[in-house]
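Listed below are the residues making up each chain.
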Amino acid sequence: MRLPNGYGSVTKLSGNRRKPYVARVTLGWVHDEKSGKMVQNRVQIGTFRTKKEALQALSEYTANPYDIKKDNLTLAELYQRWTDAYFPTLKGESSRRIIISAWRYCHAIHGMRVRDLRARHIKGIMEDGYIISERGKNAGEKIKASAGTKSRIKSMFNLMLDYALEYELVDTNYARTFDLPNDIILEKETAARGHIIFTDIEMQALWENVETLRFADWILIQCYMGWRPQELAKLKIENVHLDERYITGGMKTDAGKDRIVPIHPRIFDLVKKNYITAVELGSEYLLNDPTAVKGGMNITYDKYAGRFNKIISALNLRNDHRPHDPRKTFITMAKKAGVDEYVIKRLIGHRITDITEAAYTERDVEWLREELEKIP
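Residues numbered from 1 in each chain as written. Predicted model: local features only at pLDDT ≥ 70, side-chain atom pairs only at ≥ 80, totals over all residues. Heavy atoms only, no water.

Engineer: Quick question: what am I supposed to make of the overall build of the protein chain here?
Structural biologist: From N to C terminus, the protein chain includes 16 helices and 8 strands. For the protein chain, buried positions account for 43% of its 376 residues. If you take every contact in the protein chain between residues at least 6 apart in sequence, the share linking residues at least 24 apart comes to 58%. Carbon together with sulfur atoms contributes 48% to the accessible area of the protein chain, which is approximately 21,800 Å² in total. (Helix = DSSP H or I, 4+ residues; strand = E, 2+ residues; numbered from the N terminus. Buried < 20%, exposed > 50% of the residue type's maximum accessible area, 1.4 Å probe, protein only. Contact = heavy atoms within 4.5 Å. Areas by Shrake-Rupley, 256 points an atom, 1.4 Å probe, with all protein chains shown as cover.)

Engineer: Can you help me understand the packing of aromatic side chains in this one?
Structural biologist: Note on aromatic pairs: each is described by the distance of the centres and the angle between the planes. Evaluation of the coordinates by the stated rule reveals 9 aromatic pairs. Note on Y79 and W103: the rings are 4.2 Å apart at their centroids and 5° apart in plane angle, and the pair reads as stacked. Residue Y79 is located in helix α3 (residues 75–86), and its partner W103 is located in helix α4 (residues 93–104); the two are separated by 24 residues in the primary sequence. Just as Y79 is buried, W103 falls in that class too. When the ring centre of Y130 is taken as origin, the NZ or CZ atom of K142, which lies over that ring, is 4.5 Å away. Its guanidinium or amino end placed over the ring of F268, R245 lies 3.7 Å from that ring's centre, counting from NZ or CZ. (Phe/Tyr/Trp six-rings, centres within 6.5 Å; stacked < 30°, edge-to-face > 60°. Lys NZ or Arg CZ within 6 Å of the ring centre and 35° of its normal.)

Engineer: For this particular structure, what's the right way to read the nonpolar core?
Structural biologist: Where a protein is soluble and globular, its nonpolar side chains tend to be buried together. F198, L206, I247, I267 and V271 are the most contacted members of the largest nonpolar core, which totals 52 residues. Contributing elements (two or more residues each) for this core: α8 (200–208), α9 (216–225), α10 (229–233), α11 (268–281), α12 (301–314), α13 (325–336), α14 (341–348) and α16 (365–372). Tallying contributions element by element places α9 first for this core, with 8 residues. The residues touching I247, leaving out its near neighbours within four places in the chain, are M225, W227, L235, N239, V240, R259, I260, V261, I263, V271 and L286. (Core = buried A, V, L, I, M, F, W, Y, C linked by side-chain atoms within 4.5 Å.)

Engineer: How should I be thinking about α14 in this particular structure?
Structural biologist: Each full turn of the α-helix corresponds to 3.6 residues, which orients residues three or four apart in the same direction. Y342, V343, I344, L347 and I348 are the residues of α14 that are buried. Where α14 begins, one side-chain oxygen reaches toward the backbone nitrogen of Y342, 2.8 Å away; that side chain belongs to D340. Once α14 ends, the next one or two residues include G349, with phi positive near 80°. (Polar contact = N/O pair within 3.5 Å; in protein donor to acceptor, adjacent residues only side chain to side chain.)

Engineer: Any chance you could explain the environment of K154 here in plain terms?
Structural biologist: Its place among the elements puts K154 in helix α6 (residues 147–166). Excluding residues that lie within four positions of it along the chain, K154 makes contacts with M126, A175, F178 and L180. A polar side-chain atom of K154 sits 3.1 Å from the main-chain carbonyl oxygen of F178.

Engineer: Help me understand the packing of α9 against α12, please; the structure alone is not making it clear to me.
Structural biologist: Packed helices, taken two at a time, are described by the angle their axes make and the gap between the axes. Taken N-terminus to C-terminus, the directions of α9 and α12 make an angle of 105°; their axes are 9 Å apart at the nearest point. Here α12 runs roughly perpendicular to α9, going by the angle between their axes. On α12, the residues touching A216, W218, I219 and Q222 of α9 are Y304, R307, F308 and I311. In terms of residue class, the contact of α9 with α12 is made up of 6 nonpolar, 1 polar and 1 charged. (Axes fitted to C-alpha atoms, helices over the stretch in contact; angles between N-to-C directions. Parallel < 35°, antiparallel > 145°, perpendicular 65-115°, else oblique. Nonpolar A, V, L, I, M, F, W, Y, C, P; charged D, E, K, R; others polar.)

Engineer: Would you mind showing me how to read the packing of α3 against α4 here?
Structural biologist: Packing of α3 against α4 leaves a shortest axis separation of 12 Å and a crossing angle of 175°. The pairing of α3 with α4 is recorded here as roughly antiparallel in orientation. Taken together, the residues of α4 that come into contact with α3 (itself represented by L75, A76, Y79, W82 and Y86) are I99, I100 and W103. Taken together, the residues of the contact of α3 with α4 break down into 8 nonpolar, no polar and no charged.

Engineer: In this structure, what is going on with α16? I would like to understand it.
Structural biologist: Summarising burial for α16: 6 of the 8 residues are buried, a large majority. Listing the buried residues of α16 in full gives V365, W367, L368, R369, E371 and L372. Where α16 is buried, its residues meet α9, β7 (246–249), β8 (259–262), α13 and α14.

Engineer: Help me understand unusual backbone geometry, please; the structure alone is not making it clear to me.
Structural biologist: Note: most peptide bonds trans; most residues except glycine with negative phi. One non-glycine residue, F215, lies in positive phi territory at about 80°. As for its position among the elements, F215 is in the loop between α8 and α9. Among the residues examined, F215 registers a relative accessible area of 13% and is labelled buried. Even without being a glycine, R245 presents a positive backbone phi close to 60°. Tracing the sequence through the fold places R245 in the loop between β6 (240–241) and β7.

Engineer: What should I look at first to understand the sheet that holds β7 in this one?
Structural biologist: Across a sheet, paired strands are connected by hydrogen bonds in the backbone, their directions being either parallel or antiparallel. With antiparallel pairing, the 3 strands of this open sheet are ordered in space as β6-β7-β8. For this open sheet the edge positions go to β6 and β8, each flanked by a neighbour on one side alone. Looking at chain direction, β6 and β7 are connected through 2 bridges and run antiparallel. Looking across to β7, one finds that H241 is bridged to Y246. Packed onto the sheet, α16 meets β7 and β8 and runs at close to 45° relative to β8. (Pairing = 2+ DSSP bridges.)

Engineer: Please clarify how the pattern of salt bridges should be interpreted in this entry.
Structural biologist: Side chains carrying opposite charge are able to pair once their charged atoms draw close together. Tallying each qualifying case throughout the model produces 14 salt bridges. Notably, a salt bridge pairs R113 with D116, separated by 2.9 Å at the nearest N-O pair. Judged by relative accessible area, which is 23%, R113 ranks as partly exposed. A salt bridge links R214 to D289, with the shortest nitrogen-to-oxygen separation between them at 2.6 Å. (Salt bridge = Lys/Arg side-chain N within 4 Å of Asp/Glu carboxyl O.)

Engineer: Mind showing me how you'd approach the pairing of β7 here?
Structural biologist: Across a regular strand the side chains alternate sides, sitting on one face of the sheet and then on the other. Covered by surrounding structure in β7 are Y246 and T248 together with I247 and G249, the residues of both alternating faces. Counted along the chain from β6 to the antiparallel partner β7, the turn is 4 residues long, and its residue R245 has a positive phi close to 60°. As paired strands, β7 and β8 are joined by 4 bridges and run antiparallel to one another. Residue pairing across strands places G249 opposite R259, the latter belonging to β8.

The following block contains the structure:
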């Protein structure tokens, strides 16, 4: 049966194909450089298993024309468009890193059309998605998503498909049509734990090896100043005031940004040594590793975490220590030493809920220093 002019066409492709029938429509005319003539701009709707399915697709397009290019958008293309818009709105590098990490587990559906995505595909990735370990004793092995990663994958698709819905790239956000299964929630809660402080014996081990074990000084600086790992990695030498003995830095929250943290006398020489090294290297950052193989000598959260773990292993400390534990250690030492609670909140960048203290009380660096130096 001959189709009406302008309706489109269905042809069968050669070879043994799973979907041999291709449906095309004409979207205006374009100039053919070879012939010098105007020719039909024939655009493919898709391929189909049967001629009937291809004709049905043509019929649906004719009844309700849509943007074919938009309709053929892949998940990888959507992810790029969404992150281009979303990442600049995030305050910290860690938030971007979480999304990038979750996306790595989704490689099996990167090429899938957004219009074809359903809840079962997202659930499938959460259950079966994996990455290939690139380092350590498990290098080359498949690593499946943990409960926490499954939760982050779900959250990522929630936001990404919200974006797609806003720009009319999809009709339904299928990520929001289901909740996290109870077993994932239970597994996530079981895996979660609080941060573990460094014991006196562990602190002694760090001090005893600070001159001979590279990067041990970084952990001690964090233990006596309370920086988050990513904050420590991003400290700039222009904000290190050795004469006045304080550092300005911080991120993540309004209370945490650009806060003043005095340098405890116990670690002053460690900070000074890193400062001199940074100047000699021509680096703008306080912490550097000139021997780093990848990504230059500047430190990121991942680089810090890797060096942190090496120190923990080399000194046979608790193997479940994490890079945030020195921050918890700082808070614990400060409380034990009787440091003013408002000083602790200011030093670690926590919001102060007391209206008088937060809005009306002026505090100078010396007061912060006096309180901090209660820590022995």
